[in-house]
Amino acid sequence: MNDSSWGAPPKAGYWGTPEMRAAPAGPAYDVHDAQQTRPMPNVPDVPDAGRDAESRDDRDGDAAHVSGPLFRDEMPQEPMSTPLPPPPQKKRAGRDLRAAIGVGVGLGAVIVASLFVVKAAFVGVIAVAVVVGLWELTQRLAERKSIRAPLVPLAVGGAAMVVAGYAWGPEGAWVATALTALAVLVWRMTRPPEGYLKDVTAGVFAVFYVPFLATFVAMMLTADDGAWRVLTFLVLTVVSDTGAYAVGWRFGKTKLAPRISPGKTREGLLGAVGFAMAAGVLCMEFLIDGGAWWQGLLLGLAVAASATLGDLGESMIKRDLGIKDMGTLLPGHGGIMDRLDSLLPTAPVVWLLLVLFVGSG
């Protein structure tokens, strides 16, 4: 063993007494044996905490300093204990449920009152939601990506698109959309050219994402039973979202799109489909003139698919921006855009299917 306390000759004065130093050499005395059989130094009862045992061994070259119990068996043993498993965590909703319900009921009351009292008032509700949604979207783009889509032409043009869709139908909506996109291109020319392309690209995207899709809700309203068509659209979308949440929260295990929205599950999607199809049958039977139950099944299936895709689409945008919500205007919900995410892409789907099933009148 390569250690300074084994196999090295003793230093002068090691034995400490003249008799030891005068011991005769010969077979009866061997330096190596003397070193091997020398008495073990006394071990103090209390370890000297002010010394470093290893550094002293290297410095003195004699017996190793023992600074603790001599044998491992003398070490105090603490009782072994098996850690208890953590208690199961109760599933929690990601938002303030009471606030979400209160805000949802309030919005529903405003929508129903305006929808069945004066249709023009409901068009105004759509226009306000579009303007606020555009403001939230442009603010987040500017904050997170330094993209400055011009808000003024977007807000004015977006409100005009909703009114044009209600007043003149699809033709009016298309003309207003084209003019709004052109206004975005021209308005941005008043600023320096740096970033022009990304700003106008985001602006044109916002035109189609928010107000253009919202015009289909206004066009639904123009039919004789327009209020009931809009109510069917709203009920099916809300029921789809509720079914996805309820089933996913209780039974969800398999992720639907973990890279986009980790909270969504395939079980939740099945819940959305089942709830929406059941609601579709009831709505087509009792709310829509000339509707049939099988049409309600197809309508509910289409709404569940479009609402889920719309939710995932906005989740993709928010992940790219690195935010959780588009805004904080609605307690328990986030912003207006966080409530429009599934409604906007569902509007053209419902409008088209109802036109195919029962006509545009």
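Before any of the text, the structure's been laid out above.
It should be emphasised that the depicted structure is a prediction, and the values quoted were computed from it without experimental measurement.

Analysis parameters
- Residues numbered from 1 in each chain as written.
- Predicted model: local features only at pLDDT ≥ 70, side-chain atom pairs only at ≥ 80, totals over all residues.
- Heavy atoms only, no water.
- Helix = DSSP H or I, 4+ residues; strand = E, 2+ residues; numbered from the N terminus.
- Buried < 20%, exposed > 50% of the residue type's maximum accessible area, 1.4 Å probe, protein only.
- Polar contact = N/O pair within 3.5 Å; in protein donor to acceptor, adjacent residues only side chain to side chain.
- Contact = heavy atoms within 4.5 Å.
- Patch = residues over 30% accessible without salt bridge, like charges linked within 9 Å, V, L, I, M, F, W, Y side chains within 5 Å.
- Areas by Shrake-Rupley, 256 points an atom, 1.4 Å probe, with all protein chains shown as cover.
- Salt bridge = Lys/Arg side-chain N within 4 Å of Asp/Glu carboxyl O.
- Phe/Tyr/Trp six-rings, centres within 6.5 Å; stacked < 30°, edge-to-face > 60°.
- Lys NZ or Arg CZ within 6 Å of the ring centre and 35° of its normal.
- Core = buried A, V, L, I, M, F, W, Y, C linked by side-chain atoms within 4.5 Å.
- Pairing = 2+ DSSP bridges.
- Expected span 1.5 Å × (residues − 1).
- Bend = angle between axes of the 7 residues up to and from the residue.
- Axes fitted to C-alpha atoms, helices over the stretch in contact; angles between N-to-C directions.
- Parallel < 35°, antiparallel > 145°, perpendicular 65-115°, else oblique.
- Left-handed = near helix turned anticlockwise from the far one by under 90°.
- Nonpolar A, V, L, I, M, F, W, Y, C, P; charged D, E, K, R; others polar.

Caption draft 1: Just the side chain of Thr 237, in detail. Following the sequence through the fold, Thr 237 ends up in helix 8 (residues 226–251). Thr 237 gets classed as buried once you look at its relative accessible area, which sits at 1%. Here Phe 233 takes part through its backbone oxygen, which lies 2.8 Å from a polar atom of the side chain of Thr 237. Setting aside its immediate chain neighbours within four residues, Thr 237 contacts Val 303, Ala 307, Ser 342, Leu 343 and Thr 346.

Caption draft 2: Highlighting unusual backbone geometry. The phi angle at Ser 146 is positive, at roughly 55 degrees, despite the residue not being glycine. Residue classification places Ser 146 among the partly exposed positions, given a relative accessible area of 38%.

Caption draft 3: Structural detail: a nonpolar patch on the surface. On the surface, Val 175, Leu 179, Leu 182, Leu 185, Val 186 and Met 189 cluster together to form a nonpolar patch covering roughly 570 Å² of accessible area. Assignment of secondary structure puts Leu 179 in helix 6 (residues 151–187).

Caption draft 4: Quick peek at the packing of aromatic side chains. The tally for this structure, following the rule as stated, stands at 7 aromatic pairs. A centroid spacing of 5.3 Å and a plane angle of 15 degrees characterise the contact between Phe 205 and Tyr 209, whose relative ring orientation is stacked. Taken together, the positions of Phe 205 and Tyr 209, both in helix 7 (residues 196–220) and 4 residues apart, correspond to about one turn of that helix. An aromatic cluster is present here, built from Trp 174, Phe 208, Phe 212, Phe 216 and Trp 351 joined pairwise through their rings. Over the aromatic face of Phe 251 sits the side chain of Arg 250, whose NZ or CZ is 5.2 Å from the ring centroid.

Caption draft 5: Structural detail: the nonpolar core. Ranked by size, the top nonpolar core spans 56 residues in total, and within it Ile 126, Val 230, Phe 233 and Leu 299 carry the most contacts. Non-local contacts of Phe 233, meaning those with residues more than four positions away in its chain, are made with Val 217, Met 220, Leu 343, Thr 346, Ala 347 and Val 350.

Caption draft 6: Inspection of the pairing of strand 2 (residues 261–265) at higher detail. Looking at chain direction, strand 1 (residues 255–257) and strand 2 are connected through 2 bridges and run antiparallel. Residue Ala 257 lies in a different strand from strand 2, and its bridge partner there is Ser 261. Joining the antiparallel neighbours strand 1 and strand 2 is a turn of 3 residues.

Caption draft 7: Spotlight on the pattern of salt bridges. Taken as a whole and assessed by the stated rule, the structure comprises 7 salt bridges. The salt bridge involving Asp 320 is made with Lys 145; its shortest N-O contact spans 3.3 Å. Placement of Asp 320 in helix 10 (residues 293–321) and of Lys 145 in helix 5 (residues 119–145) is noted, with a sequence separation of 175 residues between them. Residue Asp 320 is classed as exposed on the basis of its relative accessible area, which comes to 51%. Asp 338 serves as the salt-bridge partner of Lys 318, at 3.0 Å between the closest nitrogen and oxygen. Of this pair, Lys 318 sits in helix 10 while Asp 338 is found in helix 11 (residues 336–340), placing the two residues 20 residues apart along the sequence. For the pair Lys 318 and Asp 338, one class covers both residues: buried. Residues joined by salt bridges that share partners form a network here, namely Arg 188, Arg 191 and Asp 199.

Caption draft 8: Structural detail: the environment of Gly 133. With respect to the helices, strands and loops of the structure, Gly 133 is situated in helix 5. When sequence neighbours within four positions are dropped, the list of residues in contact with Gly 133 reads Ile 336 and Met 337.

Caption draft 9: Quick peek at helix 7. Taking 1.5 Å of rise per residue, the 25 residues of helix 7 would be expected to cover 36 Å, and the 36 Å separating its terminal C-alpha atoms lies within 8% of that figure. Maximal helix bending in helix 7 amounts to about 25 degrees, located at Phe 208; proline Pro 211 follows within four positions. Along helix 7, 18 of the 25 residues are buried, which leaves the element largely enclosed by surrounding structure.

Caption draft 10: Structural context of helix 9 (residues 266–286). Between its first and last C-alpha atoms helix 9 spans 30 Å; for 21 residues at 1.5 Å apiece the expected length is 30 Å, and the two agree. Within helix 9, the full set of buried residues consists of Gly 268, Gly 271, Ala 272, Ala 276, Ala 279, Gly 280, Cys 283 and Met 284. Elements in contact with the buried residues of helix 9: helix 8, strand 2, helix 10 and helix 12 (343–358).

Caption draft 11: Structural detail: the packing of helix 5 against helix 7. One way to put it is that helix 5 packs onto helix 7 with a least axis distance of 10 Å and a crossing angle of 155 degrees. In this view, helix 5 runs roughly antiparallel relative to helix 7, as classed from their interaxial angle. Where helix 5 crosses over helix 7, the two elements pack in a sense that is right-handed. The segment helix 5 lies against helix 7, with Phe 122, Ile 126, Val 130, Leu 134, Leu 137, Leu 141 and Lys 145 engaging Lys 198, Ala 202, Phe 205, Ala 206, Tyr 209, Val 210, Pro 211, Ala 214, Val 217 and Ala 218. Broken down by class, the residue content of the contact of helix 5 with helix 7 amounts to 15 nonpolar, no polar and 2 charged.

Caption draft 12: Up close: the environment of Arg 339. Within the secondary structure layout, Arg 339 lies in helix 11. Counting along the chain gives 206 residues from Arg 339 to Gly 133, while the straight-line C-alpha distance between them is 9.5 Å. Apart from residues no more than four positions distant in its own chain, Arg 339 is found in contact with Leu 330 and His 333.

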